[in-house]
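Secondary and tertiary structure notes
As a plain string of letters, each chain reads:
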Amino acid sequence: MGLYPDIEPHDHGMLDVGDGNHVYWEVCGNPRGKPAVVLHGGPGSGCTPYFRRLFDPAAYRIVLLDQRGCGRSTPHASAYDTDMSVNTTAHVIADLELLRRHLGIERWLVWGVSWGSVLGLRYAQTHPGSVSELVLTGVATGSSPEVALLTRGLGQIFPEEFARFRDHVPEDERDGDLAAAYNRLLESPDAEVRESTARAWTDWETAMAPAPPRSIPRYEDPVFRAAFARIVTHYFGNDHFLGDGNEEGVVLRDAPLLKGIPGTLVQGSLDFGNLLGIVWRLHHAWPGSELVIVDDVGHNAGAPGMKEALVAATDKYAVAHEGEGEGDRA
């Protein structure tokens with residue numbers, strides 16, 4: 001099964017979530033279908049129309065949102081005066097609950113990619129009554145070892161690019177927490193420092209892209225680049241606002257709390273996150289989860305093989321929903 005056809009939202013809005021923030025949301029598909037919410041990655045990537053095509057529009061009521069500070073949400077993190085202290089995992093989880101209630105949804109399937117998988121897992125662990133199923137890809141858990149891998153460990157695979165990435169920060173910070181060092185520079189009052197730092201960060205993100213050509217067009221947009229780098233380093237430099245919990249991190253530690261929530265993990269065999277075995281460990285700690293490995297694919301939800309596996313997962317849960325004889329709970 002390939003992707004579903006392009007569709008457009010039939011409803012959208014800006015939700016006042018407090019702290020001066022307004023979160024953009026949209027709904028497409030069947031207004032009386034099975035509710036599902038899409039959590040984008042980054043943090044700070046924003047939602048794209050591609051995600052709509054992973055759901056049967058006749059079966060699902062598909063909710064997409066741009067998380068705080070990015071996409072069409074306001075204020076945008078690219079603006080220097082945007083208050084980042086009110087952009088944390090707890091804030092975004094609260095936004096999800098506010099949006100769910102605003103739309104009159106009792107429970108929804110949570111779909112997440114990369115950072116969105118971290119957010120989706122923690123949301124399900126803290127609000128299990130709101131989540132019917134999870135479909136996650138590019139799976140991560142937000143632990144300190146994962147951040148260390150992305151900001152330093154992969155330098156052994158991309159040594160030249162890593163040297164440029166590391167050397168962008170002051171010499172006395174190069175052996176420390178690089179994400180925190182970058183975030184400090186991205187909070188500089190000097191616009192030129194912020195711009196060069198955002199470029200250096202996205203150059204490193206581009207270097208880690210799964211396959212040549214390592215070109216990511218969205219990083220050429222200076223507004224996107226500024227917000228993305230600022231939000232990512234804000235989260236990476238603060239343990240994703242989860243706290244370590246233990247050496248494996250809070251999300252993996254609390255995986256048993258997901259018992260009773262069906263879930264499918266779709267992971268590329270060449271995704272660098274696999275170097276730590278996180279997905280395998282999560283699967284084995286989460287009773288009732290399914291792990292689908294797609295061969296020869298990296299951290300890319302749109303790659304051949306990945307999109308088919310993701311559609312198969314959403315189709316499976318749509319059929320299960322029909323079998324229960326449930327209507328829209330809105």
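Look above for the structure.
Starting from 1, residues in each chain are numbered consecutively following that chain's sequence as written. Reporting of local features is limited, given that this is a predicted model, to residues whose pLDDT is at least 70; pairs of side-chain atoms are given and counted only at 80 or more, and all residues count toward the totals for whole chains, interfaces and linings. Excluded from the side-chain calculations are hydrogens and water; all other atoms, namely the structure's heavy atoms, are used.

Taking 1.5 Å of rise per residue, the 15 residues of helix α7 (residues 222-236) would be expected to cover 21 Å, and the 21 Å separating its terminal C-alpha atoms lies within 8% of that figure. Within α7, twelve of the 15 residues are buried, which leaves the element mostly enclosed by the surrounding structure. Burial classes: relative accessible area under 20% of the type maximum marks a residue as buried, over 50% as exposed, and values in between as partly exposed (1.4 Å probe, protein chains only). Secondary structure elements follow DSSP: runs of H or I of four or more residues count as helices, runs of E of two or more count as strands, with numbering from the N terminus. For α7, every residue scored as buried is listed here: Phe-224, Arg-225, Ala-227, Phe-228, Ala-229, Arg-230, Ile-231, Val-232, Thr-233, His-234, Tyr-235 and Phe-236. Residue Asp-221 occupies the N-cap position of α7, its side-chain oxygen lying 3.0 Å from the main-chain nitrogen of Val-223. Here the expected span of a helix is defined as 1.5 Å times the quantity of residues minus one. In protein, a polar contact requires one atom able to donate a hydrogen and another able to accept it; more generally it is a pair of N or O atoms within 3.5 Å, and residues adjacent in sequence count only if both atoms are side-chain atoms.

What makes a salt bridge here is a side-chain nitrogen of Lys or Arg within 4 Å of a carboxyl oxygen of Asp or Glu, nothing more. Inspection of the entire model under this criterion finds 21 salt bridges. Of the charged contacts, one joins Arg-72 and Asp-66 as a salt bridge, the two residues approaching to 2.8 Å between their closest N and O atoms. Owing to a relative accessible area of 38%, Arg-72 belongs among the partly exposed residues under this scheme. Among the salt bridges present, the one from Glu-187 reaches Arg-230, with a minimum N-O distance of 2.9 Å.

On to the environment of Asn-238, then. Mapping Asn-238 onto the fold places it in the loop between α7 and α8 (250-253). The spatial distance from the C-alpha of Asn-238 to the C-alpha of Ala-179 is 8.8 Å, given a sequence separation of 59 residues.

Take the packing of helix α4 (residues 159-167) against helix α6 (residues 191-207) next. Packing of α4 against α6 leaves a shortest axis separation of 9 Å and a crossing angle of 160 degrees. One way to sum up the angle between α4 and α6 is to call them roughly antiparallel. By crossing handedness, the relation of α4 to α6 is classed as left-handed. Of α6, the residues touching α4 (which contributes Glu-161, Phe-162 and Phe-165) are Ala-200, Trp-201, Trp-204 and Ala-207. Gly is placed with the polar residues, together with every amino acid not listed as nonpolar (Ala, Val, Leu, Ile, Met, Phe, Trp, Tyr, Cys and Pro) or charged (Asp, Glu, Lys and Arg). Along the lines of polarity and charge, the residues of the contact of α4 with α6 split into six nonpolar, no polar and one charged. Only the stretch in contact is used when fitting a helix axis, every axis being a line fitted to C-alpha atoms; angles between N-to-C directions are given from 0 to 180 degrees. Note that the term roughly parallel is reserved for angles under 35 degrees, roughly antiparallel for angles over 145, roughly perpendicular for angles of 65 to 115, and oblique for everything else. Less than a right angle of anticlockwise turn of the near helix away from the far helix marks a crossing as left-handed, whereas a clockwise turn marks it as right-handed. Residues count as neighbours in contact if any of their non-hydrogen atoms are within 4.5 Å of one another.

What is shown is where atoms sit, not what they do.
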